[in-house]
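Here is what each chain is made of, one letter per residue.
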Amino acid sequence: MTNSRWCLAAVPLVAAAPGVAYAAPPRPAPAAESAVEAAAPNPRDFDLRRGSDRGPAIRELGRRLHRSSVGGLLASSGQRRFGHGCAGPAAVPARSLVYCFDRHDTDTDDWVPQGVSSVSDAVAGERWTGGSRPMLVSWHNGGRIRLTVVDPDRRSYRHVLLVEPKLEGGKATYSDIGIHAGGIAWYGNRLYVADTRHGIREFDLRQIYDLARSRGGVAGHSERVGLQSGKYYAHGFRFLMPQTGSWRFARGNTGGKCRGTGPLRMSWVAVDRTASRHVLIAGEYCRPGTPRGRVVTWPLSALSRSSGTVRPDWGATLPGYRIQGGVRANGHWWFTQNRGKERGLLLVTRRDGSGWDRVQRHTISHGPEDLSCYRGQHRVWTVAEHARKRALWGFRADACG
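All of these numbers come straight from a predicted model, not from anything done at the bench.

1. Topic: the nonpolar core
With 52 residues, the main nonpolar core has Leu147, Val149, Tyr174, Trp186, Leu191, Met241 and Leu392 as its most contacted residues. With five residues, strand β9 (residues 156–168) is the largest single contributor of residues to this core. Aside from chain neighbours lying at most four places away, what touches Trp186 is Ser117, Ser118, Val119, Asp121, Ala122, Trp128, Pro134, Leu136, Leu191, Leu205 and Val271. Formed by 35 residues, the second largest nonpolar core is a distinct cluster that contains Val327, Leu345, Ala384 and Cys400.

2. What to know about the sheet that holds strand β23 (residues 323–329)
Read across the open sheet, the four strands follow the order β23-β24-β25-β26; overall the sheet is antiparallel. Each edge of the open sheet carries a strand with a single partner, namely β23 and β26 (360–363). Within the sheet, the average angular offset between the axes of one strand and its neighbour, ignoring direction, is 20°. Bridge count between strand β25 (residues 345–350) and β26: four bridges; the pairing is antiparallel. Looking across to β26, one finds that Leu347 is bridged to Arg361.

3. A few points about the pattern of salt bridges
Summed over the entire model, instances satisfying the criterion amount to 27 salt bridges. Of the charged contacts in the structure, one is a salt bridge between Arg201 and Asp195, with a shortest N-O distance of 2.9 Å. Put simply, Arg328 and Asp272 hold a salt bridge, and the shortest N to O gap is 2.7 Å. Here Asp272 lies in strand β18 (residues 268–272) and Arg328 lies in strand β23, a separation of 56 residues in the sequence. For Arg328, a relative accessible area of 16% corresponds to the buried category. A cluster of three or more residues bridged by salt bridges with shared partners is formed by Arg54, Glu164, Asp195 and Arg201.

4. Structural notes on the pairing of strand β8 (residues 145–151)
Buried residues dominate β8, accounting for seven of its seven residues. Of the two faces of β8, the one lined by Ile145, Leu147, Val149 and Asp151 and the one lined by Arg146, Thr148 and Val150 are each fully buried. Both strand β7 (residues 135–140) and β8 contribute to a ladder of six bridges, which runs antiparallel. Among the inter-strand pairings, Met135 is bridged to a residue of β8, identified as Val150. Following β7, the chain reverses through four residues before pairing antiparallel with β8; Gly142 in that reversal takes a positive phi of roughly 95°. Pairing between β8 and β9: seven bridges, direction antiparallel. Bridge assignment links Ile145 to a residue of β9, and that residue is Leu162. What sits between the antiparallel neighbours β8 and β9 is a turn of four residues, in which Arg155 has the positive phi angle 55°.

Quick notes on the rules
- Residues numbered from 1 in each chain as written.
- Predicted model: local features only at pLDDT ≥ 70, side-chain atom pairs only at ≥ 80, totals over all residues.
- Heavy atoms only, no water.
- Core = buried A, V, L, I, M, F, W, Y, C linked by side-chain atoms within 4.5 Å.
- Buried < 20%, exposed > 50% of the residue type's maximum accessible area, 1.4 Å probe, protein only.
- Helix = DSSP H or I, 4+ residues; strand = E, 2+ residues; numbered from the N terminus.
- Contact = heavy atoms within 4.5 Å.
- Pairing = 2+ DSSP bridges.
- Axes fitted to C-alpha atoms, helices over the stretch in contact; angles between N-to-C directions.
- Salt bridge = Lys/Arg side-chain N within 4 Å of Asp/Glu carboxyl O.

Dropping the structure here:
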């Protein structure tokens, strides 16, 4: 099926692109990567269906644990404080706004940051309950995932363990989630987390639990997780947030490599609030030698359903390989491109009825990841993932607003 919304984009050329006020000069275009021929995306490959009901386990956890909130989490004791000096090692471009994690989180090889979202994705007014302006970052360590809630006003942040709830013998417990969490998108009370092989995992920001204030909760250091010997553990985390739902591809799970057909290998996600209807954006990370990755959007209003099938409303082939993040605002697109040990690239373009416009490329930080448009700031945010070259940073982009 091919029409103006579903088409295979041609390999773009370098040219000036509107919508970005960016300090670093454009980098000359690298030699074009040979694209593997692929069929135009089939929209039916991206149909999503609701996953299993987690309501019983969530309700039981709510009876056993003390429920908190984003505000309660940000006001709690034991916050980590922002560090400093990360912009240089991460090679963040001049005139960017930069937040540094503390020394431990900047240097650790155990946890790797991936996804970025903010209150600007979540609500139109860009203020959460109590007037806070949180930003969110997802991390993985190979077998677990966590969420960092950043408070720019207090210059502090807090980690939350993300877990999978379940009932065992009629008792509520939970286990680790071993996915990459390469992208996150915050919309209303929902947090969508990319699950590479399966689709989207869904969390509810109203379902945050504080083990330090829970009878039977253990917030101290421990390698235990879940209910054990009548106590609840979370690997030493004080706060945890259980998965409340999921959206899985109707045509099954994805394979280990990009194929250009079949369900999307869900590498990253983002929100576009500037479209005529708000959408969730998702895309693939594909290496040269395979078909180009694909990018898809679904209406966020449909993803609020408790059941049924959600169909995409747009899809195309990406304008490059090794795309680690992407976001759209007011018709403008930004993509991050990984280049291994070299600094990453920012690809800036627009989309017309038949394909991508010419692409402008900029050299940016090491290891740029997921993207999020913070409309009120006219900035697009990303996170540099590499240990000792790590930073949460945003560049000025006039079209993000």
